[in-house]
There are 2 protein chains.
Amino acid sequence: MNAYQKHLPVLERARQACAERHCWSPYPEMPGKYPDAEQAQAAGLRAFEAHRGTEGRPERFAFDQPGQIGWLGQEVSPYTQRSLNIVYPQADLDALFDSAEAAIDRWAQVSIEARLGTLMEVLDVIYREHLFEITHAVMHTAGQSYNMAYAGSGVNALDRGIEALVYAEHAMRAVAPQARWERSFGSAQITLDKTYRLVPRGVAVCFTCASFPTWNAWPSMLASLATGNAVIVKPHPATVLPMAISVRVFRRVLAEAGFDPNLVTLAVDSVSDPIGKRLVKHPKTAIVDFTGSVQFGQWVEENAHPALAYTETAGSNTVVLESADDLDAALRSLATTLCMFSAQMCTSPQNIYLPRQGVRTPQGLVSAREVGERLAQAVAALGSEPKKAAMILAAIQSPQTLALLQELRAQGAQAGRVLLEPAPYPHPQFPDARTSTPLMLQLSTAQRALYAGERFGPVSFVIECDSAQDALAQATGDVREFGGLTAFLYSTDESFIAQAEQAYARAGAQLTINLTGAMPLNFAAAYSDYHVTGLNRAGNASLTHLAFVSGRFCIAQSRRPARQPASI
Amino acid sequence: MNAYQKHLPVLERARQACAERHCWSPYPEMPGKYPDAEQAQAAGLRAFEAHRGTEGRPERFAFDQPGQIGWLGQEVSPYTQRSLNIVYPQADLDALFDSAEAAIDRWAQVSIEARLGTLMEVLDVIYREHLFEITHAVMHTAGQSYNMAYAGSGVNALDRGIEALVYAEHAMRAVAPQARWERSFGSAQITLDKTYRLVPRGVAVCFTCASFPTWNAWPSMLASLATGNAVIVKPHPATVLPMAISVRVFRRVLAEAGFDPNLVTLAVDSVSDPIGKRLVKHPKTAIVDFTGSVQFGQWVEENAHPALAYTETAGSNTVVLESADDLDAALRSLATTLCMFSAQMCTSPQNIYLPRQGVRTPQGLVSAREVGERLAQAVAALGSEPKKAAMILAAIQSPQTLALLQELRAQGAQAGRVLLEPAPYPHPQFPDARTSTPLMLQLSTAQRALYAGERFGPVSFVIECDSAQDALAQATGDVREFGGLTAFLYSTDESFIAQAEQAYARAGAQLTINLTGAMPLNFAAAYSDYHVTGLNRAGNASLTHLAFVSGRFCIAQSRRPARQPASI
């Protein structure tokens, strides 16, 4: 049984899920449900610890990849605010491109099954052998909680990877491998045998971000690799380890399957000497996948040509609060989502719009001021209990985020009203953790400069508008102007809901309506929720549909007179 | 029966052809096989003549499209070298964009069936009511022969249009319109109803070229329209009429189906005051389809962002002549293809590489010099008989092409050897036709500057190389450096053929091997032959596969708690 056959049952089930968009995953959602969980988690922690060096004696994360010219590493754990003391091979970029290019030919020429089987095996090895190691690596670089790192950066990211393989297979299978073509020209009968080859674009560069490294990276890498390309991974210098572990698994499984491991390599850099632009403009770059800042994402989109660019950056995620059957339930859900990983997710809401007159409820209008206060109370409650705060807020990835909070707090106090003051909370497990409860400001649309565009981190704005219509117009205007991935609406008015669905669809944000209860509002399910529409500045790519994969390969045909015209 | 149901049998048959890539068309290949051919052809000629004005009294090709600011027209028939005396509405661009944008909402929100049915009806109306009118319009703008204008710019272009609809439908149907999603979060069960909306990118601008207006334009327009976008057509100022007729049909059928005709409008310009860059950089441009010069095509690719760009330009199409079982048959086929529409096709071969030692045949080596001479004789034979020449060479679209021939002739005589002198041939039907037999030069690779890149028109170069290997390397090097759509190989050596298939696939040209006989070498069949690979400078788009359509729409979802969680 080859690798494709081994993994075919999962692939087939994933195909069905992608077509029907229902809920499915081959993986357990919670760490405790992982097979032999206790032992696996302990082994994962040990594997993570083994990567760490000590002060002055950094541990080398050895790679056998070509072109090594030094060692680099500057990761600091948000949970200890101390260096991880890990260094990675710094590579000569031309050597990476040359070796990647040399690896492509054979990889591109084997069957679709051979590539997909090998890549499914990669995901399986990550799941079976490295999941908790990556969980800890994500915690101590991105600052995610243990559970989020397991789910969002672990099994859900694996799911998005399988999803990318499903669509890559779909797009490739849509091309017949050969055909016999017969036609008469005048009295002559012409019979041609045609061969259609799938030709990869070339070398893909995959940029991964500091706060959520694997979730976009794995599907991007798999989409490129499945279609025959090679991938150079360029991790954010703050969050290298999860990608270094990933790259090593890809290389090992590729080599074991008889392929050139240089199909996947790692290009590390430092904040002071970034290599991003050199990678994008390298003459051998054929594809760029980018997750990260709006600013660099825009530069990538504008400068990637002739390479294709697939970007996911960020934007102003908005909430419109028009009316609610159960306002407390809505505010609790909003509060949880505002706190989730300290709003360091590209799907975290930021700008909360409501009518100045108040929000309609069965108990009557609740004033905008009161809504703001009750929402702030709900957020404060989550941050006040350290154990709960640790699970939900987790840690702050970058010190810059704390500086931004202080700056916005000062501006907000001048321009509007501080609903909630940010403050560190004591993490029960990591006393030195970089933490902050959220900052919340109440403003009117006159203070738009304060909230226009993404403010990365635990900050949100409760914004009073002229009316519900104005709230919707302001919110979707943000999305059109600054980009936006997600949006949230509470309304009991079906015609307002229908209007909002249209307005957000045009603006290009994925809309969640009237959701309350246990599910995080911004939870995006693989195989079911599309991530990023591609319609605004928050990114031009969507995880995952045909457009994410179908441009990564081309079709080159050859045709010749059939040698046995009579038979087929 | 609605329009979709009416046209479903053809669409279903076309789907099968696209999947299997065999030969099929719902249309008769030859004008004589058109239903009630004689009468239809006469009516088509009358319709064309009715568009023409007289000197000083140009006929107005009236349009009811918005924003008219004047009349423009400067078409000259290559067959009479006299003005067609037709003027078209010159439009205020902002008015076109505004009206296009206003038309999109409703068009995007109707069913896939409603859009596809309407667009199939457009193709059917073109076929039934305007085919011979467009045939004459193409002849007297592009300079094609009657038969080519009927087939290549008529029924084959309609076929490519249907093909684009098939892939657009495939990509859209891959998105489930809705789903029910159920999962537990802790002890809570969450049930969501999700809606997935297809959202068009917006306004597409479709540039059409002077020599082959409809073949790329119709599929591009249909790909954009099927996925919910609006289209502004920007024809080359030398070849407006075929697109003006097309646009008027689109508008009429759209209006008759109850849609806003401003989904399709025409933006004309003049050579002295071009509007191309303004269209590409217009803030409302979301998609650009471009067919035309390499130079402007490159500019489009580099500057279209944030719009998507789909380009087909041109390149150095190459021939490698290594060995042949029947050299005369090969040379006859090459000669016909070098003459076809005076090599004014993006698929015409230009650079013919062969080993200096000669070409292997069953009769022994034929020297490079002799091969060049015999090929020139075969070309000369085609040009020497006016009736045959008229059918094959047809007319020269632009006076600039004649100037280029003279320039290259002079340079070639200095640098190498003139195998064939270009000269006008007398057209039997149009004594004032702009015609020329081909220029052929024999050179060595030392004169590369002469043939490096596309030389548009009836000019070809027989180039002596060090060896067959060198010939293949030179040829595929041209493709990589200057782009190339097609390539042609004659070889009896299977291992050389296999090597050439790989080399051309990597370079990105579609390869035809050892083809002789009645079929023109560069004939590209809809539903079967992919046109342009997207792998080199000859264009980034391919007619037609999923990548040509899948980026033209995005997916915006909304989700909300299910109102009846128990049922589905």
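Just so you know, the residues in each chain are numbered from 1, in the order the chain's sequence is written. For naming, the first written chain is A and the first written ligand is 1, with later ones following in the order written. For a predicted model such as this one, the threshold for reporting local features is a pLDDT of at least 70, and the threshold for listing and counting side-chain atom pairs is 80 or more; totals across whole chains, interfaces and linings nevertheless cover every residue.

**Digging into helix α1 (residues 3-20) of chain A**
Each α-helix winds once per 3.6 residues, and so residues spaced three or four apart point in a common direction. Residue and element names in this part refer to chain A. Threshold: Segments assigned H or I by DSSP are reported as helices when at least four residues long, segments assigned E as strands when at least two residues long, and all are numbered from the N terminus. One fewer than the residue count of a helix, multiplied by 1.5 Å, yields its expected span. One fitted axis covers the seven residues ending at a residue, a second covers the seven starting there, and the bend at that residue is the angle between these axes. As a rule, residues whose C-beta atom has 12 or fewer other C-beta atoms within 10 Å are exposed, those with 20 or more are buried, and those in between are partly exposed; C-beta atoms are placed from the backbone. Contact criterion: two residues are in contact if their C-beta atoms, reconstructed from the backbone, are within 7 Å.
The end-to-end C-alpha distance of α1 is 26 Å, a good match for the 26 Å that 18 residues give at a rise of 1.5 Å each. Along α1, the largest kink reaches about 45° and is centred on P9. Regarding α1, the residues found buried are A3, H7, A14, A17 and C18. At its buried positions, α1 is contacted by α4 (112-142) and α5 (146-173).

**Details of the interface of chain B and chain A**
Convention followed: Three categories are distinguished: nonpolar for Ala, Val, Leu, Ile, Met, Phe, Trp, Tyr, Cys and Pro, charged for Asp, Glu, Lys and Arg, and polar for the others, with Gly belonging to the last. A pair of strands is treated as paired once DSSP finds two or more bridges between them.
Between chain B and chain A, the residue contacts involve 61 residues of the former and 61 residues of the latter. Among the elements that take part in the side of chain B that touches chain A, strand β20 (residues 553-561) of chain B stands out by supplying 8 residues, more than any other. Residues of the side of chain B that touches chain A, tallied by class, amount to 29 nonpolar, 18 polar and 14 charged. Relative to β20 of chain B, strand β19 (residues 510-513) of chain A runs parallel, the two sharing 2 bridges. The partner of L511 of chain A across the bridge, within β20 of chain B, is S558 of chain B.

**Structural notes on the domain arrangement of chain A**
All names here are of chain A. The following threshold applies: Those domain boundaries reflect an automatic or database domain assignment.
For chain A, the assigned domains are domain 1 (3-313 + 541-556) and domain 2 (318-513). For domain 1 versus domain 2, the distance between C-alpha centres works out to 33 Å. Counting residues at the interface gives 17 residues for domain 1, matched by 17 residues for domain 2. Grouping the constituent residues of the side of domain 1 that touches domain 2 by class yields 8 nonpolar, 8 polar and 1 charged.

**What to know about the environment of V462 of chain B**
Looking at the secondary structure, you find V462 of chain B in strand β17 (residues 459-465). Setting aside its immediate chain neighbours within four residues, V462 of chain B contacts I352, G372, L375, L419, M440 and Q442 of chain B.

**Description of helix α7 (residues 241-256) of chain B**
Residues and elements named next belong to chain B. Between the first and last C-alpha of α7 there are 22 Å, a value that for 16 residues agrees with the 22 Å anticipated at 1.5 Å per step. Burial of α7 is extensive: 12 of the 16 residues sit out of reach of the surface. Among all positions of α7, only L241, P242, M243, A244, I245, S246, V247, V249, F250, R251, V253 and L254 are buried. Looking at the residues trailing α7, positive phi occurs at G258, about 90°.

**Looking at the confidence of the model for chain A**
Selection rule: Scored from 0 to 100, pLDDT records how confident the predictor is in each individual residue.
Taken as a whole, chain A shows an average pLDDT of 97; of its residues, 99% reach a score of 70 or greater. At the level of chain-chain contacts, confidence expressed as ipTM amounts to 0.96, with global pTM at 0.97.

**Description of the packing of α4 of chain A against helix α7 (residues 241-256) of chain A**
Between two packed helices, what matters for the description is the angle formed by their axes and the separation of those axes. Residues and elements named next belong to chain A. Applied cut-off: Note on definitions: angles span 0 to 180 degrees between N-to-C directions of axes, and those axes are lines fitted to C-alpha atoms, for helices only across the stretch in contact. Put simply, angles under 35 degrees are roughly parallel, angles over 145 are roughly antiparallel, angles from 65 to 115 are roughly perpendicular, and the rest are oblique. Two helices crossing with the near one rotated counterclockwise from the far one by less than a right angle form a left-handed crossing, whereas a clockwise rotation gives a right-handed crossing.
Remark: α4 packs on α7, axes separated minimally by 9 Å, with the N-to-C direction vectors making an angle of 160°. Judged by the inter-axis angle, α4 sits roughly antiparallel to α7. At the point where α4 passes α7, the crossing takes the right-handed sense. Two secondary-structure elements touch here, α4 through T118, E121, V122, V125, I126, H130, E133, I134, A137, V138 and T141 and α7 through L241, P242, I245, S246, V249, F250, V253 and L254.

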